[in-house]
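A look at the structure
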Amino acid sequence: MKEVRTTNPVAVGDRVEFELLHDETSKDGVTGIISAIETRRNYIIRKASNLSKESQIVAANVDQAFIVVTVNYPVTLPGFIDRYLISAMAYSIPACLVFNKLDLYNAKDYEKLEEYLQTYESIGYKCFQVSAEKNFNIDILREELKGKISLFSGLSGVGKSSILNRLDPSLTLKTGVISDHHQQGKHTTTFAEMFEVEGGGYLIDTPGIRGFGVIDMEKTEISHYFPEMFGLLDQCRFFNCTHTHEPGCAVKAAAEKGEIPATRYESYLSLIAEDNGRYRQA
Ligand SMILES: Nc1nc2c(ncn2[C@@H]2O[C@H](COP(=O)(O)OP(=O)(O)O)[C@@H](O)[C@H]2O)c(=O)[nH]1
Ligand SMILES: [Mg+2]
Ligand SMILES: [Zn+2]
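Let's talk about the site of ligand 1
The immediate surroundings of ligand 1 are formed by 17 residues, with Asp103, Gly157, Lys160, Ser162 and Gly176 found nearest. With respect to ligand 1, the backbone of glycine 159 contributes an N or O atom lying 3.0 Å from an oxygen atom. Protein coverage of the free-state accessible area of ligand 1, which is 580 Å², stands at 80%. Each residue belonging to the shell around ligand 1 can be placed in one class, and the counts come to 4 nonpolar, 9 polar and 4 charged.

Overview of the confidence of the model for the protein chain
On average, residues of the protein chain score 86 in pLDDT, and 84% of them reach the 70 mark or higher. Across residues 182-189, where pLDDT falls below 50, the model places 6 contacts with residues more than four positions away in sequence or in other chains.

Notes on the pairing of strand β9 (residues 149-154)
A large share of β9 lies buried, amounting to 6 of its 6 residues. Of the two faces of β9, the one holding Ile149, Leu151 and Ser153 and the one holding Ser150, Phe152 and Gly154 are both buried throughout. Relative to β9, strand β6 (residues 64-69) runs parallel, the two sharing 5 bridges. Each residue of the ladder has a partner; that of glutamine 64, found in β9, is serine 150.

Examining the nonpolar core
Residues Leu97, Phe99, Tyr120, Leu141, Phe152 and Ile163 are the most contacted members of the largest nonpolar core, which totals 54 residues. One finds Tyr225, Val251, Tyr268 and Leu271 within the second-largest nonpolar core, a separate group that totals 21 residues.

Overview of the coordination of the zinc ion (ligand 3)
Those protein atoms acting as donors to the zinc ion (ligand 3) are Cys236 (SG), Cys241 (SG), His243 (ND1) and Cys249 (SG), and they sit at 2.0 to 2.4 Å. Viewed at the metal, the 4 donor atoms of the zinc ion (ligand 3) are separated by angles of 102 to 117 degrees, and the geometry they form is tetrahedral. As a motif over one chain, the donors of the zinc ion (ligand 3) read C-x4-C-x1-H-x5-C. Judged on exposure class, the residue cysteine 236 and its partner cysteine 241 are both buried.

Cut-offs applied
Residues numbered from 1 in each chain as written. Chains lettered and ligands numbered in written order. Predicted model: local features only at pLDDT ≥ 70, side-chain atom pairs only at ≥ 80, totals over all residues. Heavy atoms only, no water. Near = heavy atom within 4 Å. Polar contact = N/O pair within 3.5 Å; in protein donor to acceptor, adjacent residues only side chain to side chain. Areas by Shrake-Rupley, 256 points an atom, 1.4 Å probe, with all protein chains shown as cover. Nonpolar A, V, L, I, M, F, W, Y, C, P; charged D, E, K, R; others polar. pLDDT = per-residue confidence, 0-100. Contact = heavy atoms within 4.5 Å. Buried < 20%, exposed > 50% of the residue type's maximum accessible area, 1.4 Å probe, protein only. Helix = DSSP H or I, 4+ residues; strand = E, 2+ residues; numbered from the N terminus. Pairing = 2+ DSSP bridges. Core = buried A, V, L, I, M, F, W, Y, C linked by side-chain atoms within 4.5 Å. Donors = N, O, S within 2.8 Å, 3.2 Å for Na, K, Ca; no water. Tetrahedral: all angles 85-135°; square planar, octahedral: opposite > 155°, others 65-115°.

This is how it looks when you write it as structure tokens:
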């Protein structure tokens, strides 16, 4: 990823050193002054505006990202899932998938779910199957949070807030009524918040931020974020292979043999084709 200019010096998740100064105007008599910020293991950014070169650090030192997905309520297409996974990997944040609303799935949805599990588990992504509504498998998810900073992401309406409320019943995040999209339209200045979860761990809620914000990556970089392609890259005939049309391409060969899932290779091709080689997720 490229170096970025950022507008905010400190973000949620930052580890800092601070000094306490005597301060009579403060109700507890002291004010904390941040004197140093530890080097960030990772961070998520978003552009202050579409045209701006300046970015805001949304959150730092995130241990894991949970991408919440529903097969059909709303439909989450593989292309979307892959965008989230690739963004997370570009940010160096381990990601896993949470399939929510299992209570609504019919036989056809379950078939689709099986396909998704087959694809993503074979690549090495951990998948969870839950229902926030029925409180099903939420305890398994809660175990995963212990001692870590976790971020929940996914399309609007998939049940992120509902899951967070289940994970820690002392949270009372609004669900359903206000769509993320509506909030975004109002240009509210929304900062990420971090909640301590009962039983250990922290959750980051990023209101009004779709996905992981904005990522710029070079065309040749995109394949690095597909774990199932990574091991093949040095077997392509050309060092600058884009894995689209080149002869002697190991990635294309693997896709043709079904060793790379078809939907994943399609996602790759659509990212490559996008925006003149510059992949941008807003
Ligand atoms: N049937 C069912 N509905 C759910 C489930 N989880 C969330 N919902 C509903 O889906 C809608 C969107 O949920 P919300 O948590 O606001 O989604 P968010 O936009 O991802 O935060 C709400 O009406 C929830 O009640 C679930 O597991 N099963
Ligand atoms: Mg929500
Ligand atoms: Zn290739």
